[in-house]
Amino acid sequence: MTNSPIGIFDSGIGGLSVAVAMADLLPEETFLYVADNAYAPYGPRSAESILERSRKITRYLLASGAKMVVVACNTATSIAIDTLREDYPAIPFVGMEPAVKPAADANGVGVLATTATLRSHRYLKLRNKYLSGKPVFEDACVGLVPLIEAEPSGSPLLAIRLQEILDPMLQNGIDTLVLGCTHYPLIKEEIEAICGPAVNVIDPSSAAARQVQRLLKKRGLLTSLSKGFPGTRGLAHIFATSGTSAPLQRALHQLPGLNRNRKLIVPQVHF
Ligand code: DGL
């Protein structure tokens, strides 16, 4: 079991931002990543539909031998992670939620997340706990996830949409911006370029990777394979998708951290 892959899923390429941080911290681990892009974006979907997709993908990951499941998607975490933990009490799960705690000392906070996340009980509870009484400006970033899936970084279409989203927040004087969707760290440079140095952009990927490491250690699930150990050279990260593999191919090409282990793309799995 310890040498089994870590299962990771997202509606698309967003979870790669978490996978990169995990690869950095845990270079000996291998990943089985699912991009559910036939059903993306998740943000505008109903809670029932997001829960159903999350359950189907989790079943696939565990049937494929995953030792842990990282729900590398704020939207799926906010809707489904409690149920997944009930469904599989013996399996460690790590989820993503908007990192509002590090924004607790800010004067004005912007939160970028999906409609489903912003409406979720989980997010509202966090906001009340850490940001109550503070000016908070939220945007559901309609259309941004499909643009990140389709457009290369540096695309003018992305820049225009980002400007539309961020301008009102900047005019309201935010000093902290929470990236509450795993797709957004993939365009962090573009976001920071628009926000300027006075805004602290919070990307939770590294904190999530540390949580994965902590949990693997605690459960005795860290891989015993180390780099250069005979027989480990063929180990590959596997990336499966329910739709077209083009966004994954493009994104992985730009993420050398995930190319250290050989990678294998399995297009069109039906979950
Ligand atoms: N990357 C996802 C998240 O963190 C999903 C975005 C979407 O599919 O709408 O919320």
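Residues numbered from 1 in each chain as written. Predicted model: local features only at pLDDT ≥ 70, side-chain atom pairs only at ≥ 80, totals over all residues. Heavy atoms only, no water.

Re the overall build of the protein
A count of helices and strands for the protein gives 10 helices and 10 strands. Taking 271 residues into account, the globule formula puts the C-alpha radius of gyration at 18 Å, and the protein, at 18 Å, falls close to it. Each principal axis of the C-alpha distribution contributes one length, and for the protein these read about 55 × 40 × 35 Å. Per-residue burial over the protein gives 50% buried out of 271 residues. For the protein, contacts bridging at least 24 residues in sequence account for 78% of all contacts bridging at least 6. As presented, the protein carries roughly 11,900 Å² of accessible surface, and 52% of it is formed by carbon and sulfur atoms. If you average the places of the 27 positive and of the 23 negative side-chain charges in the protein, the two averages end up 8 Å apart. (Helix = DSSP H or I, 4+ residues; strand = E, 2+ residues; numbered from the N terminus. Rg over C-alpha atoms; globule rule 2.2 N^0.38 Å. Buried < 20%, exposed > 50% of the residue type's maximum accessible area, 1.4 Å probe, protein only. Contact = heavy atoms within 4.5 Å. Areas by Shrake-Rupley, 256 points an atom, 1.4 Å probe, with all protein chains shown as cover. Lys, Arg positive; Asp, Glu negative; His and termini not counted. Charge placed at Lys NZ, Arg CZ, Asp CG, Glu CD.)

A closer look at the pattern of salt bridges
Inspection of every chain in the model, using the stated rule, returns 9 salt bridges. Here Glu-29 and Lys-67 are joined by a salt bridge, their closest N and O atoms 2.6 Å apart. One end of the pair, Glu-29, is in the loop between α1 (16-25) and β2 (31-35); the other, Lys-67, is in the loop between α2 (47-63) and β3 (68-71), with 38 residues separating them in the sequence. For Glu-29, a relative accessible area of 2% translates into the label buried. (Salt bridge = Lys/Arg side-chain N within 4 Å of Asp/Glu carboxyl O.)

Things to note about the nonpolar core
In summary, soluble globular proteins display a tendency toward joint burial of nonpolar side chains. Leu-16, Val-70, Leu-177, Tyr-184 and Ile-191 are the most contacted members of the largest nonpolar core, which has 51 residues in total. Among the elements that take part in this core, α1 stands out by supplying 6 residues, more than any other. Listed in part, the 22 residues of the second largest apolar core include Leu-32, Tyr-42, Ala-76 and Ala-116. (Core = buried A, V, L, I, M, F, W, Y, C linked by side-chain atoms within 4.5 Å.)

Notes on the sheet that holds β2
Read across the sheet, 6 strands follow the order β4-β3-β1-β2-β9-β10 without closing on themselves; strand pairing throughout is parallel. The open sheet is flanked by β4 (93-95) and β10 (262-266), the only strands paired with a single partner. Neighbouring strand axes in the sheet, compared pairwise and without regard to direction, differ in orientation by 15 degrees on average. Note that β2 and strand β9 (residues 236-241) share 4 bridges and pair parallel. Each bridged residue has a counterpart across the sheet, and for Ala-35 the counterpart in β9 is Thr-241. (Pairing = 2+ DSSP bridges. Axes fitted to C-alpha atoms, helices over the stretch in contact; angles between N-to-C directions.)

Digging into the sheet that holds strand β5 (residues 109-112)
The 4 strands lie next to each other as β6-β5-β7-β8, forming an open sheet whose pairing is parallel. The open sheet has two free edges, formed respectively by β6 (136-139) and β8 (200-202), since each of these has just one partner strand. Across the sheet, the mean angle separating the axes of adjacent strands is 20 degrees when strand polarity is ignored. Pairing of β5 with β6, which is carried by 4 bridges, proceeds in the parallel orientation. Within β6, the position partnered with Val-109 by the bridge is Val-136. Across the sheet, helix α7 (residues 156-171) touches β5, β6 and β7 (176-179), and the angle it forms with β5 is around 160 degrees. Packing against the sheet, helix α8 (residues 188-195) makes contact with β7 and β8, and its axis sits at approximately 160 degrees to β7.

Quick notes on the packing of aromatic side chains
Under the criterion given, the structure shown has 1 aromatic pair. Taking 5.7 Å as the distance between ring centres and 45 degrees as the angle between the ring planes, the aromatic pair formed by Tyr-33 and Phe-239 counts as tilted. In this pair, Tyr-33 is assigned in strand β2 and Phe-239 in strand β9, connecting sequence segments 206 residues apart. Owing to a relative accessible area of 0%, Tyr-33 belongs among the buried residues under this scheme. On the accessibility criterion, Phe-239 (0% relative accessible area) is buried. Here Arg-53 stacks its cationic end above the ring of Tyr-39, 3.5 Å away from the centre of that ring. (Phe/Tyr/Trp six-rings, centres within 6.5 Å; stacked < 30°, edge-to-face > 60°. Lys NZ or Arg CZ within 6 Å of the ring centre and 35° of its normal.)

Observations concerning the side chain of Ser-4
Within the secondary structure, Ser-4 is located in the segment before β1 (6-10). The contacts of Ser-4, once residues within four sequence positions are left out, are Gly-65 and Lys-67.

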